Amino acid sequence: MNPLTRALLVLGLLCCARMPAGHAQVLSLAAAAGPVFLPGSGAGTDWHALLALNLRTQPLGGRLETMYMGVPGADLVALTGNVVWRFPRERATAVEPYLIVGAGAYLKFSEQRFGLNGGAGVQRPMGPLRLFAEVRYHRVTRRFEEARDADTFIPVSVGVALGH
């Protein structure tokens, strides 16, 4: 089973698990963009954009995402399945912090690598939308033949999600 299939299977099991009564499940679509830092690549920074499908449950949820990143030599596409943990709160607040961790496939031309990621973010509900900002650390487990120094990515994302 390839790494992407494994990541999607784990996320699917998490998302389809029966939640206890009182735990709302909400799907939302998100888009974000921002700089991506490339430590050790000699390039410094580039940019990225992502589209995501979120399953919001409390305190654990899931996110399937596609991220397009500029990297030295050529661009990269990351297809990841992620688990999102929202800090439990007794009452709603204006800013909601969360942690995110995941795994998936990182594609560059005909090369595919398995990678892991993790980070933190905050979101703010605004009617039917949620604004969010997050920083994540992505690492592929094996270097690419092209752009050999591009194996670590730190995207800083600012975006909006449609849905609660």
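Residues numbered from 1 in each chain as written. Predicted model: local features only at pLDDT ≥ 70, side-chain atom pairs only at ≥ 80, totals over all residues. Heavy atoms only, no water.

1. Comments concerning the packing of aromatic side chains
Summed over the entire model, instances satisfying the criterion amount to three aromatic pairs. Above the face of the Phe 132 ring, Arg 63 is positioned so that its terminal group lies 5.9 Å from the ring centre. (Phe/Tyr/Trp six-rings, centres within 6.5 Å; stacked < 30°, edge-to-face > 60°. Lys NZ or Arg CZ within 6 Å of the ring centre and 35° of its normal.)

2. Some thoughts on the pattern of salt bridges
Under the criterion given, the structure shown has six salt bridges. Glu 134 serves as the salt-bridge partner of Arg 63, at 3.0 Å between the closest nitrogen and oxygen. Of this pair, Arg 63 sits in strand S3 (residues 60-71) while Glu 134 is found in strand S7 (residues 129-140), placing the two residues 71 residues apart along the sequence. In terms of burial, Arg 63 and Glu 134 fall into one category: buried. Across the pair Arg 139 and Asp 151 runs a salt bridge whose closest N-O atoms are separated by 3.4 Å. (Salt bridge = Lys/Arg side-chain N within 4 Å of Asp/Glu carboxyl O. Helix = DSSP H or I, 4+ residues; strand = E, 2+ residues; numbered from the N terminus. Buried < 20%, exposed > 50% of the residue type's maximum accessible area, 1.4 Å probe, protein only.)

3. With respect to the environment of Ala 103
Here Ala 103 shows up in strand S5 (residues 96-108). A residue is classified by how much of its surface remains accessible, and Ala 103, at 16% relative accessible area, is buried.

4. Examining the environment of Gly 115
Counting through the fold element by element, Gly 115 comes out in strand S6 (residues 111-126). Here Gly 115 falls in the buried class, since its relative accessible area comes to 0%. Along the primary structure Gly 115 and Gly 102 are separated by 13 residues, whereas in three dimensions their C-alpha atoms are 8.6 Å apart.

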